[in-house]
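Examining the three-dimensional arrangement
Residues per chain are reported as follows:
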Amino acid sequence: MKSAMRRSRVVYALPLSLLMSGEVLAADQEEKPGMTHSQQIPAAVQKPGKGATPATKVEHLEVHGRRASTFASSATKSNTPLIETAQSVSVITRNEMDIRGVLDLNQAVRYTAGITPNLRGGVGTRYDQFQLRGFTVPTFLDGLKLQDSPTGYATAQTDTSRLERVEILKGPASALYGQSSPGGLAALSSKLPTDQRFYGGINTTGGSFNLYRVDADVGGYATDDGFVRYRIYGTANGQHTQLARTGSKRFSISPSFTFGGDGPTTLTLLGNYQYDPENGTYGGVPLVGSLKRASFGYLPRDFYDGDSSFEKFNRKQGAITYILNHRFNDDWSFSTRGRYDDLKTSYRSVYDAGYYSNTYTLPRYAFGTDEHTHNLEFDSQFKGKVRTGFLQHNLMFGFDYMQQSAGEMGYFGNAPDMDVRYPDYHMAIAPMNPYVAYQTNSHQIGVYGQDEIRWRGLVLTGSLRNDWYRSHQMETLTHIDSNQDPSQITWRASGLYHFDFGLAPYISYSTSFQPQAGIVSNDGGKTMRQANPSLGKQLEGGLKYQIPGTSVLFTVAGFHIEQTNVLVATNSSLGFNTESGKVHSDGFEFEAHAEPYKNLVLTAAISVQKVHDDSTGKPLIQSGKGNASLFAFYTLPSGPAKGLGFGGGMRYTAKAYGGEASYGSVWVPQYALFDGSLRYDLAQLSPSLRGWTAAASVRNIFDKRFVANCLAYASYGQEFCYYGERRNAQASIGYTW
């Protein structure tokens, strides 16, 4: 039963160093943390036409802003224009998150093409759960992977208010990042010190379901010359879930310091401590009574299958990160970063069994786990530029290391049945019994190289990597030891041509690998071994077009992904698998983005995809058929309402496969939701209110009732579903300086 309830598994990008205008040259210099304001830099130079003589006059422009949404670093580990990146990357900026009132990563990615959002609906918010191109994907923070525990319950969650931006890299990325998903990855970037002498802000928010938030952010020069700079971010927040019987609370603080000023060597130290004393529930509702009508009708959206006096989720996570950059000269640089984090989770809950024992009665069980992980990781690279004839080479050679020590004690027990007509949320729960106790130690070493070759508008990129992964797990209750020690070569090759008028066609091929837990036998159980990693490969082609002189970017992409070596359970009672599974994901995506453009922020996305699991002959469970979205926000530049911003969005999610139920295949119906946002600069009312801003946002304006996801396992007789997020409104007032 644990497998039925187990959560599905699921680069840094430092602030702006160049402000780009029109068709621009790549920013090859090493980024400095927080390089955002008042930097004197060369203005972007238009690429000369073929045979033309480049202009010799160089203008300088004072930059006031953050790294533009037309740049990303996740695809190449360097600050590269999206128009010259031969892979699909979606960027969600801090400005866009603020406008939409984003509170977590699930909300941040909703308007991205290829996303199947909110796999646990509007209730299970303690983890960031979504799919990309049909696969769950890992999360990287400041270029380093956030490592899950082997069972996935001890998983970090980053409060999005401490982020500067989010990049969604689509498709296999193991050539630069090691073990990863065929669907891609989410790359988060922390707020770091900037070059302003003194700045800060405080924001208070209140809203539906007793939402409260206080966010504070302050930074500046710690020394008069700016050699040492600091930034401190903190939040205290909480909210009831839409069940109104459980809630969440969070306290977080993130101090950071940068040493080195504008010199060739900079060191940034970033700390974070986050304490979640509670974080909602992880349960759902039976399929019958939610997706499918029961004899008594439908369960209400605030139906809670647990026990409020027994419910517990306590998470403590602390981390320390360093980022060291050194420029040897204009052509060569060295960068290294590392993080140690400690994550401890204590969790227990009562769940329904996914079926009824009679018309109104739900059998239930209790589950709990105590997990503790210690994670250590590093990533270092040399970058340099060389010329061979008329070709410009941007070279990168890197080494990374990842280590984890994780332990779990898991518990299981029975719980009293529940009458859905008269639910009792304070029953006596018998003590649970331990059923698993493990200690896992793993590490991964990777070496990689990349050559980005440029000639006029042509960009050819090749990446190659070798990983050595080791894992040893000891289960102390059954005294079973298991080991994994695979090594894997992954690579990527791509080509793109950027025409002077803004069009850039491209094609790319990339591969991935992902370790998986399970016992494999190819001879009916006579000999057994640990599973090898699953392997992924993707062929992607598309067109990008950026209107010269603007941030308006259009992207069209088609892709074919194959994942092989997927574990397939046998019919044997011995519990082993074969590595015979194969998954296909084929699709088409379109995205348009402009921020800012004549006071307009615009995001549009469309995706159509088909995900097929050869081992079942069905789609991959939880995978959707695609999505579509449009969000627009406009700020009035003049007139009596100058400074007023308003906008809204529509997000459509196509039907998704939810597994096999007793009556056949489960399909979660399509749904469309609408959101709205307002923002007003109060300085327009009076100069004395300079720095004050009021904002409001509403998600699911029309309070549409919908099921977000289902998990049906006919072989176990379990059929669960998760209601989507109800209407959720919030308002805030903030002051910045």
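Residues numbered from 1 in each chain as written. Predicted model: local features only at pLDDT ≥ 70, side-chain atom pairs only at ≥ 80, totals over all residues. Heavy atoms only, no water.

**Digging into the sheet that holds strand E11 (residues 163–170)**
Taken together, the five strands give an open sheet; going across it, the order is E5-E11-E12-E9-E10, and neighbouring strands pair in mixed fashion. Because the sheet does not close on itself, it has two edges, and the strands there are strand E5 (89–93) and strand E10 (144–145). Of the pairings in the sheet, the one linking strand E9 (residues 139–141) to strand E12 (residues 184–190) comprises three bridges and is parallel in character. Across the sheet, Thr139 pairs through a bridge with Ala186, a residue of E12. (Pairing = 2+ DSSP bridges. Helix = DSSP H or I, 4+ residues; strand = E, 2+ residues; numbered from the N terminus.)

**Describing the nonpolar core**
Grouped together as the largest cluster of nonpolar side chains are 22 residues, with contacts concentrated most on Leu82, Val89, Leu169, Tyr177, Leu185 and Leu496. Taken together, the elements giving at least two residues each to this core come down to E5, helix H4 (174–177), E12, strand E27 (503–514) and strand E31 (553–569). Residues in contact with Leu169, not counting those within four places in the same chain, are Ser74, Ala75, Gln87, Ser88, Val89, Leu132, Tyr177, Gly183, Gly184 and Leu185. (Core = buried A, V, L, I, M, F, W, Y, C linked by side-chain atoms within 4.5 Å. Buried < 20%, exposed > 50% of the residue type's maximum accessible area, 1.4 Å probe, protein only. Contact = heavy atoms within 4.5 Å.)

**Overview of the state of the cysteines**
A covalent bond between the sulfur atoms of two cysteines is referred to as a disulfide. Taken as a whole and assessed by the stated rule, the structure comprises one disulfide. The disulfide that involves Cys710 links it to Cys721, with 2.1 Å between the sulfurs. Here the S-S torsion is close to 100°, and the disulfide linking Cys710 with Cys721 is therefore right-handed. Of this pair, Cys710 sits in strand E41 (residues 707–713) while Cys721 is found in strand E42 (residues 718–723), placing the two residues eleven residues apart along the sequence. Of the two residues examined, Cys710 and Cys721, each falls in the buried class. (Disulfide = S-S within 2.5 Å.)

**Section: the confidence of the model for the protein chain**
Taken over all residues, the pLDDT of the protein chain has a mean of 88, while the share at 70 or more is 89%. Note that pLDDT drops below 50 for residues 1–65; the model gives that stretch 205 contacts with residues more than four away or on any other chain. (pLDDT = per-residue confidence, 0-100.)

**A closer look at the side chain of Asp613**
You can see Asp613 is positioned in strand E33 (residues 600–613). Despite being buried, Asp613 has no salt bridge partner; Lys582 is the closest side chain of opposite charge, sitting 11 Å away. Setting aside residues up to four positions removed in sequence, Asp613 forms contacts with Lys582, Val583, Lys618, Pro619 and Leu620. (Lys, Arg positive; Asp, Glu negative; His and termini not counted. Salt bridge = Lys/Arg side-chain N within 4 Å of Asp/Glu carboxyl O.)

**What to know about the pairing of E11**
Burial runs high along E11: eight of the eight residues are buried. Relative to E11, E5 is paired through five bridges, and the arrangement is antiparallel. Bridging across to E11, Ile92 finds its partner in Val166. Bridge analysis of E11 against E12 gives seven bridges, and the strand direction is antiparallel. Across the sheet, residue Ile168 finds its bridge partner in E12, namely Ala186.

**A few points about the pattern of salt bridges**
Taken as a whole and assessed by the stated rule, the structure comprises 31 salt bridges. The residue Glu452 makes a salt bridge to Arg454 at a minimum N-O spacing of 3.6 Å. Note on accessibility: Glu452 and Arg454 belong to one class, buried. Look at the salt bridges and you will find they share partners, linking Asp159, Arg213, Asp215, Arg250, Asp276 and Arg315 into a network.

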